[in-house]
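# Reading the structure
What follows is the residue order along each chain.
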Amino acid sequence: MHPRSVPDWLRHPPTPSVRGFGLLAGFEAIARGILISVMPLEIYRALGAAARVSEIYFLVGLLSLGTGLMVPYVTRFVPRRWVYVGGCAIFAAGAGLGTIGGAVVMVAALAMVTAATVTIFVCFNAYVLDHIAKADLGRCETSRMFFGAFGWTLGPWLGVALLDIWRPLPFAIAALAALTMMGVFLWQ
């Protein structure tokens, strides 16, 4: 097939826009917001001791710090696009793992979701700096906050409410939001 016969939009995908980054932030807010209140509750229910939950969060925090510091190194060898997609997939897998429950499984789910979150965050910010002009950074941040408001406002309450209806439901919604975020990213 001659290169001229391939449509231009297939050879050169459109540059992501402020609105596109806002959509990504919105789906991330749904995925993270719904789990932010559910994860500690589920780990507490599984372990039965607040001190143990704090220890787990401290160790997972160290893991996420290490992960965040390694993302720029990894993107030297793996294109950032696939690191971002991998972060979305790991987030969805961690949320999916959370549907199972149990102490060890919940700690593993928390570790996966946290490592994925920092991976997505680092890649997202690098993409914003690559594709959004300096003059439009303020608009981009406003769009990010606007699209994320729903997930961060209703997510924590909704997560706990859904947890009482059917325990796996908030995890399933978070996994679906992460997969949707990956789809929107690949489509842009």
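Reference entry: report on the structure contained in this document. All values derive from a computational prediction rather than experimental measurement. (Residues numbered from 1 in each chain as written. Predicted model: local features only at pLDDT ≥ 70, side-chain atom pairs only at ≥ 80, totals over all residues. Heavy atoms only, no water.)

## Some thoughts on the overall build of the protein chain
Rules: Strands here mean DSSP runs of E at least two residues long; helices mean DSSP runs of H or I at least four residues long; both are numbered from the N terminus. Burial status follows relative accessibility: with a 1.4 Å probe on protein chains alone, a residue under 20% of its type maximum counts as buried, one over 50% as exposed, and anything between as partly exposed. The contact criterion used throughout is that any non-hydrogen atoms of two residues lie within 4.5 Å. This count recognises Lys and Arg as positive and Asp and Glu as negative, with His and chain-terminal groups excluded. Charged groups are reduced to one reference atom each: NZ for lysine, CZ for arginine, CG for aspartic acid, CD for glutamic acid.
Secondary structure assignment for the protein chain yields eight helices and zero strands. Ordering the α and β elements of the protein chain from the N terminus gives α-α-α-α-α-α-α-α. Dimensions of the protein chain along its principal axes, counting C-alpha atoms only, are 65 × 35 × 35 Å. The burial tally for the protein chain puts 39% of its 188 residues in the buried class. Looking at the protein chain alone, contacts between residues at least 24 apart form 82% of all its contacts between residues at least 6 apart. Of the side-chain charges in the protein chain, 13 are positive and 8 negative, and the distance between the mean point of each set is 7 Å.

## As for the side chain of Arg-144
Our working definition: N or O atoms within 3.5 Å of each other form a polar contact, as long as, within protein, one can give a hydrogen and the other can take it, and as long as residues adjacent in sequence are counted only when both atoms are side-chain atoms.
When you line up the elements, Arg-144 lands in helix H7 (residues 137–165). Within polar-contact distance, the side chain of Arg-144 engages the side chain of Asn-125 at 3.1 Å. Contacts of Arg-144, omitting those with residues within four sequence positions, involve Gly-22, Ala-25, Phe-121, Phe-124 and Asn-125.

## Considerations on H7
The following threshold applies: Working rule for helices: expected span equals 1.5 Å times residues minus one. For a residue, the bend is simply the angle between two axes, fitted respectively to the seven-residue segment ending there and the seven-residue segment starting there.
Across its 29 residues, H7 extends 41 Å between first and last C-alpha, which sits within 8% of the 42 Å expected from 1.5 Å per residue. Bending of H7 peaks at approximately 50 degrees at the position of Gly-155, with proline Pro-156 no more than four residues after it. Of all the residues in H7, the buried ones are Cys-140, Ser-143, Arg-144, Gly-148, Gly-151, Gly-155, Gly-159, Leu-162 and Leu-163. Looking at the packing, one finds that the buried side of H7 touches helix H2 (18–36), helix H3 (38–47), helix H6 (103–131) and helix H8 (169–187).

## Examining the packing of H7 against H8
Definition in use: Angles run from 0 to 180 degrees between N-to-C directions of axes, and those axes are lines fitted to C-alpha atoms, restricted for helices to the stretch in contact. In these notes the angle categories are as follows: under 35 degrees is roughly parallel, over 145 is roughly antiparallel, 65 to 115 is roughly perpendicular, and the rest is oblique. For this classification, the nonpolar set comprises Ala, Val, Leu, Ile, Met, Phe, Trp, Tyr, Cys and Pro, the charged set comprises Asp, Glu, Lys and Arg, and every other residue, Gly included, is treated as polar.
Between H7 and H8, the least distance of the axes is 7 Å, while the angle of their chain directions is 130 degrees. When the interaxial angle is binned, H7 and H8 end up oblique. Contacts from Gly-159, Leu-162 and Leu-163 of H7 reach H8 at Leu-169, Pro-170, Phe-171 and Ile-173. A class-by-class count of the residues in the contact of H7 with H8 yields six nonpolar, one polar and no charged.

## Examining the packing of aromatic side chains
Condition: Ring geometry is summarised as follows: Phe, Tyr and Trp rings, the Trp one being its six-membered ring, pair when their centres sit within 6.5 Å, and such pairs are stacked at plane angles under 30 degrees, edge-to-face over 60 and tilted between the two. Cation placement over rings: the criterion is NZ of Lys or CZ of Arg within 6 Å of the ring centroid and within 35° of the ring normal.
Taken as a whole and assessed by the stated rule, the structure comprises five aromatic pairs. Ring plane angle 85 degrees and centroid distance 5.5 Å describe the contact between Phe-21 and Phe-124, whose orientation is recorded as edge-to-face. Highlighted residues: Phe-21 in helix H2 and Phe-124 in helix H6, separated in sequence by 103 residues. The exposure class of Phe-21 is buried, given its relative accessible area of 3%. Joined through ring pairs, the aromatic side chains of Tyr-84, Tyr-127 and Phe-185 make up one cluster. Lying across the ring of Tyr-127, Arg-80 places its NZ or CZ 4.7 Å from the centre. The ring of Trp-82 carries the charged tip of Arg-81 above its face, separated from the ring centre by 5.6 Å.

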